[in-house]
Amino acid sequence: MAEDAVLGYLAQNSDLSDSRNFARDSGFDYDEVINVIKSLNGFQYVVATEYEERNWVLTDEGKEYAAEGSPEFRLFSAVPAEGISLKELEAKVGPTVFRNGRTNAMKNKWLIMGKELVTRKVEHVEDKVKDSLTKIQKKELVDQAGIDELKKRKLIAEQKLKGYSVVKGINFAPKRRKAATGLTRENLQRCDWKDLEFKEYNFAAKGLPSEGGYLHPLLKSSYGMLHHGFFTTLHSRNSLLFLLLTHIDSSFEEMPTNNYVESSFWNFDALFQPQQHPARDSHDTFRSGSPSTTKLLPEDYVERVKQVHEVGGYGSRGYSYDWKREEANKNLLRTHTTAVSSRMLYQLAQKPFAPKKYFSIDRVFRNEAVDRTHLAEFHQIEGLICDRDLTLGDLIGVLQDLFSRLGMSKLRFKPAYNPYTEPSMEIFSYHEGFKKWVEIGNSGMFRPEMLLPMGLPEDVRVIAWGLSLERPTMILYGIDNIRDLFGHKTDLTLIKKNPICRIGLQ
Ligand code: PHE
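None of the values given here were measured: they were computed from a predicted structure.

What counts, and where the lines are drawn
- Residues numbered from 1 in each chain as written.
- Predicted model: local features only at pLDDT ≥ 70, side-chain atom pairs only at ≥ 80, totals over all residues.
- Helix = DSSP H or I, 4+ residues; strand = E, 2+ residues; numbered from the N terminus.
- Buried ≥ 20, exposed ≤ 12 C-beta atoms within 10 Å, placed from the backbone.
- Contact = placed C-beta atoms within 7 Å.
- Near = placed C-beta within 6 Å.
- Nonpolar A, V, L, I, M, F, W, Y, C, P; charged D, E, K, R; others polar.
- Arc of directions from axis to C-beta.
- Core = buried A, V, L, I, M, F, W, Y, C linked by C-beta atoms within 7 Å.
- Pairing = 2+ DSSP bridges.
- Axes fitted to C-alpha atoms, helices over the stretch in contact; angles between N-to-C directions.

Colleague: When you look at the overall build of the protein in this model, what are you seeing that I'm missing?
Modeller: A tally of regular secondary structure across the protein gives 22 helices and 15 strands. Considering the protein as a whole, with its 506 residues, one finds that 31% of them fall into the buried category. If you take every contact in the protein between residues at least 6 apart in sequence, the share linking residues at least 24 apart comes to 67%.

Colleague: Is there a simple way to explain the site of the ligand in this structure?
Modeller: Every residue near the ligand is listed here: His 336, Thr 338, Asn 418, Thr 421, Asn 442, Ser 443, Gly 444, Ala 464, Trp 465 and Gly 466. Broken down by class, the residue content of the shell around the ligand amounts to two nonpolar, eight polar and no charged.

Colleague: Help me understand helix H8 (residues 128–137), please; the structure alone is not making it clear to me.
Modeller: An α-helix turns once every 3.6 residues. As a result, residues three or four positions apart point the same way. Buried within H8 are the following residues: Val 129, Ser 132, Leu 133 and Ile 136. One side of H8 carries all its buried residues, which in axial view fall inside an arc of 100°. Residues of H8 that are buried in the fold lie against strand S2 (46–58), helix H4 (60–68), helix H9 (144–152) and strand S6 (156–168).

Colleague: Can you help me understand the nonpolar core in this one?
Modeller: For soluble globular proteins, the rule of thumb is that nonpolar side chains tend to be buried together. Counting residues in hydrophobic clusters, the biggest one holds 51 residues, and the most contacted among them are Leu 345, Leu 451, Val 462 and Ile 463. Ranked by residues supplied to this core, first place goes to strand S15 (residues 460–468) with six residues.

Colleague: Would you explain the sheet that holds strand S4 (residues 111–113) in this entry?
Modeller: Sheets are built from strands that pair by backbone hydrogen bonding, the pairs being arranged parallel or antiparallel. Strand order in the open sheet made by the three strands is S3-S5-S4, with antiparallel pairing throughout. This sheet does not close on itself; its edge strands, each paired only once, are strand S3 (84–85) and S4.

Colleague: Teacher, can you tell me more about the pairing of S15 here?
Modeller: The side chains of a regular strand alternate between the sheet's two faces. In terms of residue burial, S15 counts as a mostly covered element, since nine of its nine residues are buried. Every second residue of S15 is oriented toward a common face, with Val 460, Val 462, Ala 464, Gly 466 and Ser 468 on one face and Arg 461, Ile 463, Trp 465 and Leu 467 on the other, all of them buried. Taken together, the nine bridges between strand S11 (residues 377–388) and S15 define a ladder with antiparallel strand orientation. For Asp 387, the partnering residue across the bridge sits in S15 and is Arg 461.

Colleague: What's the story with the sheet that holds S2 in this structure? I'm lost.
Modeller: Spatial strand order, S1-S6-S2: three strands in an open sheet with antiparallel pairing. Pairing within the sheet leaves two strands with one partner each, and these edge strands are strand S1 (15–16) and S2. In terms of strand pairing, S1 meets S6 through two bridges, oriented antiparallel. By the bridge assignment, Leu 16 is partnered in S6 with Val 166. Strands in contact with helix H3 (residues 30–42) are S2 and S6; relative to S2, the strand with the most contacts, it is inclined by about 150°.

The structure is reproduced here in structure tokens:
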């Protein structure tokens, strides 16, 4: 075995300086010797150092000249003292030697080539080319000028050889000890465990990749958002350590968003969105087939909503149109999670007032043309704070705080319009990668036309915002097509490979 040979050699000698020579002398296959050396090196039986050796070897033409002499020498030798005609000379040496030898014989000033006759210019010449070539064959030294000349004439070529020089390592032994992989009953009974050498644990070994149980990037980033310190779940809200770590006000409560099907009433009417508003059109909103209408709505509140739409009140002129109950009853797939906010605020208004902070992250649906940034369904991060005398400055401050925790601190706000908020602001964040301002959300202060019919006290203000979860997730994961992130075209390996999202932890 090559391994015994290598270890045996090192037991006798201080080093094995050249793996190539060793393989040649010992008769083992070179690849086998290299594998053995590498393995022994890994277990520190030996220390192997790689070297690279550059060698000159003769090309086929070089080999021929080494054996037969250079063509110029052969040409010279074929010319007798009295001279010879060109034709005769060519016939004597053959056309190849004649052609190849001619120029060099002239350059070396060995021959005089007349029109008819070829004569010697010197008595005696030496075939330096042949000498150098034979020296190279015997691995003897040749001067640089000689090497350069042979290289130019393509008679030699460089060969790179890699090999190892090997010395004993800290675990050296003339024979490899077989490391035990585990302790057996027999080892204990025989008491030989004391002398056993155990195989070390390989903590760097990768386990088999599991085939299931991966979190989708959207889930990871929504967990990231929950845990980045702004919103907290019930579990983490109770964790003092978590609070200390994040220094945050964790009093946001999660809204129940487990109803994709919503009535037009909560999705639109309660939000003071008039019934002829284009967003309510079936081109923009998915209708629910069965059940197609809702039966249960708080009747007295519905009446107040109808009033405020038709004739106004609470300081508003209303929209002056004929508000229809059938329109409000129509079921749809909620177009925003603000539908849930309106339900929550209504519930809140039914009790003595207490300030609240709510959030949710869940799915919404819009009948939109699908392209690389839009899908017919996506996720919204919704948030609201409800308290007495809040101002637009509070809203800006809260959004600034929220986004800087997500790593987006350059924000701009642009006046916008929503039927349910006044003032309203679109939120833009400067994207360092795209080098431009990107819209990331919408926000505002809920209108008195929405809050007062619910029964909330007059001085209660609600600041609120709605953001897409997909936008920041695509930015965080470097995904530029939403269809790669969500839906049936999603590549499962992306889900398996993407790391956990750690928002706000640098
Ligand atoms: N509902 C809005 C949207 O879908 C977002 C929003 C929420 C705006 C709350 C203002 C207040 O874009």
